[in-house]
Amino acid sequence: MQELQLSAVEWGMVQGAALLPNLLFMLIAGAWADRFDPAKILAAAQGLLTLSYVGLLLVVQSGHGNFVLLMVYAAAVGAGNAFLQPVREKFVADMRSITLQKRVSLLSITQFVLQGMGIGVAALSDAFGISFVIVIQVAVSGFSTLVFFSLVSSRRPVEVKRGSTYRDIVGAIKTVSKSPGLRQLMALIAFNGYMHMGVFLVLIPVVATRVYHYSAAEYAGLQALFVLGMVVSHTFLLRQKTVEFPGQGALFSLLYTAMVGFGLAKGPTPFGFYMLVFVWGLVAGNSAGRCRLVAQSLAGAEMRGRVMSVYQLMLFGAAPIGAMVTGVVVDIIPIKTIFMVMSVSSICLFVVFMMTRTLWSVRQLSESLPEDGEVGEGRPEG
């Protein structure tokens with residue numbers, strides 16, 4: 001944002017370009033995850049990301065970086081991530097050596113710990129330059145690509161299921177629309193994507209640079225605290241006994257989000273700002289982990305990849321909307337008002353969901369029971 005002197009609107013557009021490809025490819029990725037070997041799709045998607053990082057490195061080295069090329073890079077990265085997200089969920093769901101709760105938690109902890117390390121590397125850009133950071137990105141992404149390819153060769157051959165990608169996608173949408181629990185979960189996920197990703201991606205860096213005048217290293221520390229909060233929340237989930245009703249924690253996260261918004265609206269001190277961002281990370285992680293448990297519990301084995309693709313579509317589809325809207329209104333509406341709107345809307349959504357208590361009563365899937373591809377053990381009580 002600072003290197004190219006981007007405005008808040010342009011920054012919102014870049015974030016949107018990274019997230020919008022999910023609208024095009026996420027459902028296709030979910031359909032393919034249920035029909036083909038997930039490891040092969042993961043290897044191909046990670047390879048695309050590696051090529052994207054190599055392209056960015058060449059642009060930076062040439063000194064011809066601009067807003068348009070940054071948009072192209074963001075879109076390419078978004079396309080790679082569109083295939084990674086739901087396919088990874090399907091791959092993890094197929095591993096039965098530990099419980100679903102532990103699998104979801106370990107995946108998230110690994111992801112966010114490495115993300116935190118990446119933020120730490122990014123903080124070195126002031127001292128070593130952007131090219132140094134991108135070279136590390138290329139190396140790590142290339143290694144990940146090789147790891148995914150090794151998973152392909154180490155797994156038993158996966159039977160390719162015949163069918164139509166279009167019919168698979170339509171079937172996933174019908175499955176979600178017929179399940180009250182899944183319908184409400186998708187609404188909650190869309191809200192979380194809008195707030196925890198879209199608003200955060202634009203508003204926090206704007207506040208950090210305009211209000212607190214943070215350097216790149218200080219802003220990296222802010223990002224690291226948010227990620228640390230997510231890691232801590234997933235660690236608690238990992239160490240907990242089986243959460244019988246994961247939807248309850250997901251709903252209470254709406255109230256916690258409201259509290260964070262009210263705190264940020266008060267214009268905290270620099271230390272208070274850091275702490276509130278950390279708490280926001282705790283809340284986002286708690287909500288994400290429990291929402292994924294609800295989704296995995298409500299989706300049968302044969303539909304899991306496709307249902308999780310709808311889940312990811314709602315999450316990453318709402319995020320660019322939040323990013324672009326925030327980028328536009330941040331120059332029109334006071335920042336504290338935006339935080340107040342976030343808080344009030346969180347409380348209102350909590351009240352709406354509590355009127356039906358559908359998500360409240362969803363039980364975590366018992367994997368010792370047979371799965372038939374339909375909504376099963378995770379069905380809401382009553």
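Residues numbered from 1 in each chain as written. Predicted model: local features only at pLDDT ≥ 70, side-chain atom pairs only at ≥ 80, totals over all residues. Heavy atoms only, no water.

### Thoughts on the packing of aromatic side chains
Think of a pair of aromatic rings as described by two things: how far the centres are apart, and how the planes are tilted against each other in angle. For the structure shown, the criterion picks out 13 aromatic pairs. Here the aromatic rings of Tyr214 and Tyr274 are separated by 5.4 Å at their centres, their planes lie at 25°, and the arrangement is stacked. Placement of the pair is Tyr214 in the loop between α9 (180–211) and α10 (216–239) and Tyr274 in helix α12 (residues 270–298), with a sequence separation of 60 residues. Each residue in the set Phe25, Trp32, Phe36 and Phe83 is aromatic and connected to the rest through ring pairs, giving one cluster. (Phe/Tyr/Trp six-rings, centres within 6.5 Å; stacked < 30°, edge-to-face > 60°. Helix = DSSP H or I, 4+ residues; strand = E, 2+ residues; numbered from the N terminus.)

### Overview of the packing of α9 against α10
Helix packing geometry: the angle between the two helix axes and the distance between the axes. The contact between α9 and α10 brings their axes to 11 Å, and the two run at 150°. In terms of orientation, α9 and α10 fall into the roughly antiparallel class. Taken as a pair, α9 and α10 cross one another with a handedness that is right-handed. Across the interface between the two elements, His196, Phe200, Ile204, Pro205 and Ala208 of α9 pack against Tyr219, Leu222 and Phe226 of α10. Residue composition of the contact of α9 with α10, grouped by class: 7 nonpolar, 1 polar and no charged. (Axes fitted to C-alpha atoms, helices over the stretch in contact; angles between N-to-C directions. Parallel < 35°, antiparallel > 145°, perpendicular 65-115°, else oblique. Left-handed = near helix turned anticlockwise from the far one by under 90°. Contact = heavy atoms within 4.5 Å. Nonpolar A, V, L, I, M, F, W, Y, C, P; charged D, E, K, R; others polar.)

### A closer look at unusual backbone geometry
If you check the backbone angles, His213 has positive phi at about 55° while not being a glycine. Note that His213 resides in the loop between α9 and α10. Given a relative accessible area of 61%, His213 falls into the exposed group. One non-glycine residue, Arg357, lies in positive phi territory at about 60°. As for its placement among the helices and strands, Arg357 is situated in the segment after α14 (335–356). (Buried < 20%, exposed > 50% of the residue type's maximum accessible area, 1.4 Å probe, protein only.)

It is worth stressing that arrangement in space is one thing and function is another; only the former is reported here.
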